[in-house]
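Listed here are the chains, written in short residue letters.
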Amino acid sequence: MKNIGIVINSIDYKESSKIVYLYTPLGRDSVKASGGKGIKKGYLGFTTTGNVVSYVRSDAKFPSLIEYSIIDSIFDITNDINKLNSFGIIIKIINSLPDDINHERTYNYIIKVLNDLKISNNPKKVLSIFLIKILYTFGVAPNLKTCVTCNNENINSFSINLGGALCKNCGPKNDKLNIWNEYYYDKKSIDEYQDVDFDNLLKDIYKYYSIHANINLDFNNQK
Ligand SMILES: [Zn+2]
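What you see is a predicted model; the values in this text were computed from it and never measured.

## Description of the packing of helix H3 (residues 103-119) against helix H4 (residues 123-133)
Right, so step 1: The N-to-C vectors of H3 and H4 enclose an angle of 160°; their axes lie 8 Å apart at closest approach. In terms of axis orientation, H3 runs roughly antiparallel to H4. For the element pair H3 and H4, the recorded crossing hand is right-handed. For the pair H3 and H4, contact is made by Val113, Asp116 and Leu117 and by Pro123, Val126 and Phe130, respectively.
Right, so step 2: Class assignment for the residues of the contact of H3 with H4 results in 5 nonpolar, no polar and 1 charged.

Set out below in structure tokens:
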């Protein structure tokens, strides 16, 4: 049976082999790729992080790669530091995904985001939309309908610390609610989402992940 997946990491194994970690529509997979017999053309394309591959592996408990082909490559983004940084955070999110989620849906969404990242000239925007939309897979989606403090439906601000909307009695008005609402719920092409100061927005998003999902995405602020 042919599998498909995104290469998320590979590590050296013994003398001339690698263990390759992939994210697939069935969840995470790990495959041993040996340099010796079996693979004629080498396995560089199978071990390059970000490549999307189709592959056949053995049925063993610790499966070996039998053959593969490259479906898509991230090579186009490697000369853009902002795209590479965004990509690094997407990989970190994939590595953090819970096991018991709908992987097929998540996989398809991530493939779409990687394509957006390739063609967009605003990688921070692609990343911001992705990070807000994928929050639900971690079970920490923001509450954007009612005040998280008093349940009032007349909301006018968004609190990163509390993870949701606030009414006018519970917090001063801010423009974050509008952005988070649009980025979380809307489905449209990247260009159609409104633009904001993405450095500020990403700071908020990283803080949200740190507080509510216990995931540190801020590479400049590693603990
Ligand atoms: Zn309130």
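## Let's talk about the confidence of the model for the protein
Right, so step 1: Looking at the protein as a whole, its pLDDT mean stands at 92, while 95% of the residues score no less than 70.
Right, so step 2: For the protein, helix H1 (residues 44-47) is the element with the lowest average pLDDT, namely 90, and H4 is the one with the highest, namely 98.

## Some words on unusual backbone geometry
Right, so step 1: Look at Asn151: it is not a glycine, yet its phi comes out positive at around 75°.
Right, so step 2: Relative to the assigned elements, Asn151 resides in the loop between H4 and strand S6 (155-159).
Right, so step 3: A count of 10 C-beta atoms within 10 Å places Asn151 in the exposed class.
Right, so step 4: With phi around 55°, Asn214 is a residue other than glycine that occupies positive phi space.
Right, so step 5: Mapped onto the secondary structure, Asn214 falls in the segment after helix H6 (198-213).
Right, so step 6: Residue classification places Asn214 among the exposed positions, given that 10 C-beta atoms sit within 10 Å.

## Comments concerning helix H5 (residues 176-185)
Right, so step 1: Those residues of H5 lying buried are Leu177, Trp180 and Tyr183. Seen end-on, H5 carries its buried residues on one side only, within an arc spanning 145°.
Right, so step 2: Those residues of H5 hidden inside the fold are in contact with H4, S6 and strand S7 (164-167).

## Digging into the sheet that holds strand S2 (residues 17-24)
Right, so step 1: With respect to topology, 5 strands assemble into an open sheet ordered S3-S2-S1-S4-S5, the strand pairing being antiparallel. Only two strands of the sheet have a single partner each, and these edge strands are strand S3 (27-34) and strand S5 (65-72). Strand after strand, the sheet turns through a mean of 40° between neighbouring axes, direction not considered.
Right, so step 2: In terms of strand pairing, strand S1 (residues 3-13) meets S2 through 7 bridges, oriented antiparallel. Note that in S2 the partner of Asp12 across the bridge is Lys18.

## Re the environment of Leu177
Right, so step 1: Mapped onto the elements of the fold, Leu177 is located in helix H5.
Right, so step 2: Note: C-alpha distance between Leu177 and Gly164 (13 residues apart in sequence) is 8.5 Å.
Right, so step 3: Leaving out residues up to four positions away in the same chain, Leu177 has contacts with Ile155, Asn156, Ser157, Phe158 and Ala165.

## Brief notes about the domain arrangement of the protein
Right, so step 1: One can read the domain layout of the protein as domain 1 (3-73) and domain 2 (77-221).
Right, so step 2: The interface is formed by 10 residues belonging to domain 1 together with 10 residues belonging to domain 2.
Right, so step 3: Here the side of domain 1 that touches domain 2 is built from residues that sort into 6 nonpolar, 4 polar and no charged.

## Points about the nonpolar core
Right, so step 1: One finds Phe46, Leu65, Val113, Phe130, Ile132, Ala165 and Ile205 to be the most contacted residues of the largest nonpolar core, which totals 45 residues.
Right, so step 2: When we break this core down by domain, the ones giving at least three residues each are domain 1 (3-73) and domain 2 (77-221).

Cut-offs used in this document
- Residues numbered from 1 in each chain as written.
- Predicted model: local features only at pLDDT ≥ 70, side-chain atom pairs only at ≥ 80, totals over all residues.
- Axes fitted to C-alpha atoms, helices over the stretch in contact; angles between N-to-C directions.
- Helix = DSSP H or I, 4+ residues; strand = E, 2+ residues; numbered from the N terminus.
- Parallel < 35°, antiparallel > 145°, perpendicular 65-115°, else oblique.
- Left-handed = near helix turned anticlockwise from the far one by under 90°.
- Contact = placed C-beta atoms within 7 Å.
- Nonpolar A, V, L, I, M, F, W, Y, C, P; charged D, E, K, R; others polar.
- pLDDT = per-residue confidence, 0-100.
- Buried ≥ 20, exposed ≤ 12 C-beta atoms within 10 Å, placed from the backbone.
- Arc of directions from axis to C-beta.
- Pairing = 2+ DSSP bridges.
- Domains from an automatic or database assignment.
- Core = buried A, V, L, I, M, F, W, Y, C linked by C-beta atoms within 7 Å.

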